[in-house]
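Here are the chains, one letter per residue:
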Amino acid sequence: MKSTFRYDHYWKYEELSENLKALAEKYSVLCTLYSLAKTPEGRDIWCAEVTDPETGSCAEKPAYYVDGSTHAGEVTGSMSAAYFLDYLLTNSESSDEVKKLLKEYAFYFIPRISPDGVEYYLTTPNRVRSVNRPYPYEQELDGLHAADMDGDGCIRSVRVRSPYGLWKISPRDPRLMVHRRPDETEGEFYNVYTEGEISGFDGVHVSEAPSPYGNDFNRNYPIAWGPESTQKGAGLYPLSNIETKTVADFIIAHKNIGSVITFHTSGGMFLYPPGFIPSKKAFPEDMAQYHAMGKIATEETGYPVVNLFDEYTPEGEDISSGAMDDWCHFDRGIPAFTIECWDATVRAGIPHVWPMPSSVSEEEQEEQMEKLVNWSDRELDGEGFKPWTPGVHPQLGEVEYGGFDYKYVFQNCPPKFLLQEVEKHTRYMLRAVKLLPKLAIDRVSIKQLAEGLFRIEAVVGNRGYLSTSLTKEAVKLGVDVPVTVSINTPDIDGQTSRKIGHLDGRAAVDSWFSTYGMSQALSNQQKSVSFTVSAPAGTPVTITACCPSGGTVSVTKELL
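Cut-offs applied
Residues numbered from 1 in each chain as written. Predicted model: local features only at pLDDT ≥ 70, side-chain atom pairs only at ≥ 80, totals over all residues. Heavy atoms only, no water. Helix = DSSP H or I, 4+ residues; strand = E, 2+ residues; numbered from the N terminus. Buried < 20%, exposed > 50% of the residue type's maximum accessible area, 1.4 Å probe, protein only. Contact = heavy atoms within 4.5 Å. Areas by Shrake-Rupley, 256 points an atom, 1.4 Å probe, with all protein chains shown as cover. Lys, Arg positive; Asp, Glu negative; His and termini not counted. Charge placed at Lys NZ, Arg CZ, Asp CG, Glu CD. Pairing = 2+ DSSP bridges. Axes fitted to C-alpha atoms, helices over the stretch in contact; angles between N-to-C directions. Core = buried A, V, L, I, M, F, W, Y, C linked by side-chain atoms within 4.5 Å. Left-handed = near helix turned anticlockwise from the far one by under 90°. Nonpolar A, V, L, I, M, F, W, Y, C, P; charged D, E, K, R; others polar. Phe/Tyr/Trp six-rings, centres within 6.5 Å; stacked < 30°, edge-to-face > 60°. Salt bridge = Lys/Arg side-chain N within 4 Å of Asp/Glu carboxyl O.

Caption draft 1: Spotlight on the overall build of the chain. Within the chain one finds 13 helices and 25 strands. Considering the chain as a whole, with its 560 residues, one finds that 52% of them fall into the buried category. Sequence-distant contacts in the chain: of pairs separated by 6 or more residues, those separated by 24 or more amount to 73%. With an accessible surface of roughly 25,100 Å², the chain has 50% of that area assigned to carbon and sulfur atoms. Looking at the chain, you have 53 positive and 78 negative side-chain charges, and the mean spots of the two groups are 7 Å apart.

Here's what the structure looks like:
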């Protein structure tokens, strides 16, 4: 696939900004780049709007929305959003497919929701969930704080020899640790911790300290929101972070958004709502749409499609409330997928199993770790895993540092695989955008009733897969905007427009194989509307059909 920039490393803020500006300058007719807001550290939250203006503005077309870096450490997602933008613009002159998409649809990109958090993640060895702002504690609490103690630029693991140790060296591979068996009393045993410094150490106990940066932007949206005591990372109140408020304000203001893609990592899957209630409590028609869209996702990426509540959340665990995709669907009525990019386990030959089993045997876990380290040896020349190396820890004394590079093996793909990852998601989105509602004026007939009196009849249709309401949930919420058909001259009753309700997409029309062949139900994909006007023969009349989700289309005819 053709792109302007290289996708063999992760872009820091300056490079992201320069690349976005370069694209916007080179393709200024198609792309408008602007800052939605400034972060507390003074960085821009960039937004790019892309369409072919010769066929109308972005607001006049069905729109596809893409974002990345709700979670700052999930930088593969940010690069996936940037690559899709790059691909559309770079191929806007050479690809007939892209030309057609830009004529018919609009695209909105917020490639990096948390630029402050991403910069912290990319420029330090440290990990961060969403942003490097103290929350919910102003001061760090005692305990083990993850840090690069051996100075190799990466936070891995530390193992400490102890007669109380829970781990031992694997007999199959000395780099790996396996559980100490219940009856084992002789041998060398270890405790294994995250590499880091222990504040308030009492000389005996080691416990993980809460992260000083506990904000989770994907728990800060106003849907089933709960305070910190019930949902970690939730924020002081819904949309209390400038980053989440900026995203929500943008989506609310752009009523033509018909589908949302929010990029995360990792796990290699497409997640769909609901996440806070069982899917059986949602409209079955909406769930069926996710299944159909998900088939395309699996075809292009190989990733499974997983319901958040029923399959992704392990049984017995607390639900995840305040999530962006749930808010899109259950507050705005917009279908939304969370794409979890990259899965090192599948690459290592460990298959997806959904729903996740409630338990995995120790033997299976040991085999999986062996597959992962062998994969690292093969594909990463061993750079993904550091052999255990002796060192001195300020609190624990003599230790060994080693293990996987979590940030760029598990959480994000190693840079050598980045292009493969971003390309597959672009292939999916190139197909998925075509599912949006798409209004058309299929036929206009004019009949003269008397001298200077004409009846105009227009047949308006929706040629898209999704209905113009987008979801049943949108209708229930009352956030749907029906189709309006108008003319540029009043009819004899003084009206210039008619609301005709919604038009079904193909998703809403049942079809099946029967004993007699193929059958299908009656559809509501087209509607007829008429106006009676008094005007001289030869007068041009423009008929326009519009709704935010389906776009705006017009036809001009003479009264003859």
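Caption draft 2: Broad picture of the side chain of Ser78. As for its placement among the helices and strands, Ser78 is situated in helix α2 (residues 75–90). Apart from the residues within four sequence positions on either side, Ser78 is in contact with Gly68, Ser69, Pro111 and Arg112.

Caption draft 3: Seen up close, the sheet that holds strand β12 (residues 269–272). In space, the eight strands of this open sheet follow the order β1-β2-β4-β3-β11-β14-β12-β13, with mixed pairing throughout. Lying at the two open borders of the sheet, with one neighbouring strand each, are β1 (31–38) and β13 (305–307). Averaged over all neighbouring strand pairs, the angle between strand axes comes to 20 degrees, with direction disregarded. As judged from the six bridges shared by strand β11 (residues 257–265) and strand β14 (residues 336–341), these two strands associate in the parallel manner.

Caption draft 4: Seen up close, the pairing of strand β16 (residues 397–404). Here β16 lies mainly inside the structure; six of its eight residues are buried. Two elements, strand β6 (residues 157–161) and β16, share three bridges in a ladder whose sense is antiparallel. Its bridge partner being in β16, Arg159 is matched across the sheet by Glu400. Bridging between strand β15 (residues 385–393) and β16 involves seven bridges; their strand directions are antiparallel. The residue bridging Phe385 from the neighbouring strand is Phe404, located in β16.

Caption draft 5: Structural view of unusual backbone geometry. With an omega dihedral of 0 degrees, the bond running from Tyr135 to Pro136 counts as a cis peptide bond. Omega for the peptide link from Thr265 to Ser266 comes to 5 degrees, which places this bond in the cis form. Structurally, the position occupied by Ser266 is in the loop between β11 and β12. We note that Leu239 has phi near 60 degrees; this positive angle belongs to a residue other than glycine. Inspection of the secondary structure puts Leu239 in the loop between β10 (196–199) and α5 (242–253). Of note, Leu470 is a non-glycine position whose phi angle comes to about 75 degrees, a positive value. Mapped onto the elements of the fold, Leu470 is located in the loop between β18 (453–462) and α13 (472–477). Accessibility expressed as a relative area gives 7% for Leu470, which makes it buried.

Caption draft 6: The arrangement of the environment of Ala440 in detail. Considering the arrangement of structural elements, one finds Ala440 in strand β17 (residues 439–450). Ala440 gets classed as buried once you look at its relative accessible area, which sits at 8%. Separated by 273 residues in sequence, Ala440 and Trp167 place their C-alpha atoms 66 Å apart. Discounting chain neighbours no more than four positions away, the residues touching Ala440 are Val459, Val460, Gly461, Arg463 and Val553.

Caption draft 7: Local environment of the nonpolar core. Formed by 108 residues in total, the largest nonpolar core has its most connected members in Tyr64, Tyr65, Phe107 and Tyr428. Ranked by the residues each element gives to this core, the list is headed by α2, at 10 residues. With residues near it in sequence (within four places) discarded, Tyr428 still touches Tyr64, Ile261, Phe270, Met293, Ile296, Ala297, Glu300, Thr301 and Phe337. Ranked by size, the runner-up nonpolar core spans 21 residues in total, among them Ile456, Leu503, Ala535 and Ile543.

Caption draft 8: Seen up close, the sheet that holds β17. Ordered in space as β17-β18-β23, the three strands form an open sheet in which the pairing is antiparallel. Two strands close off the open sheet at either side, each with one partner strand: β17 and β23 (526–534). Strand-to-strand twist of the sheet, defined as the mean angle between neighbouring strand axes without regard to direction, takes the value 20 degrees. Two strands pair when backbone bridges link them, and β17 and β18 are joined in this way by 10 bridges, in the antiparallel orientation. Bridging from a neighbouring strand, Ile446 pairs with Ile456 of β18.

Caption draft 9: Region of interest: the packing of helix α6 (residues 284–301) against helix α12 (residues 418–432). With their axes 8 Å apart at the nearest point, α6 and α12 run at an angle of 145 degrees to one another. In this structure, α6 crosses over α12, and the sense of that crossing is right-handed. Residues Met293, Ile296, Ala297, Glu299, Glu300 and Thr301 of α6 lie in contact with α12, whose contacting residues are Lys424, His425, Arg427, Tyr428 and Arg431. By residue class, the composition of the contact of α6 with α12 is four nonpolar, two polar and five charged.

Caption draft 10: Summary view of the packing of aromatic side chains. This model, assessed by the stated rule, comprises 22 aromatic pairs. Aromatic side chains Tyr65 and Phe250 sit 6.2 Å apart centroid to centroid with 40 degrees between the ring planes, which places their arrangement in the tilted category. Taken as a pair, Tyr65 in strand β3 (residues 63–68) and Phe250 in helix α5 lie far apart in primary sequence, 185 residues in all. In this pair, the class of Tyr65 matches that of Phe250, namely buried.

Caption draft 11: Structural view of the pattern of salt bridges. Following the criterion strictly, the structure yields 32 salt bridges and no others. Salt-bridge contacts for Arg161 lead to Glu188; the nearest nitrogen and oxygen are separated by 3.6 Å. Linking Arg161 in strand β6 with Glu188 in the loop between β8 (177–179) and β9 (190–194), this pair joins segments that are 27 residues apart in sequence. Looking at Glu188, the relative accessible area reads 44%, which means it is partly exposed. In this structure, the salt-bridge partner of Asp377 is Arg175, at a minimum N-O distance of 2.8 Å.

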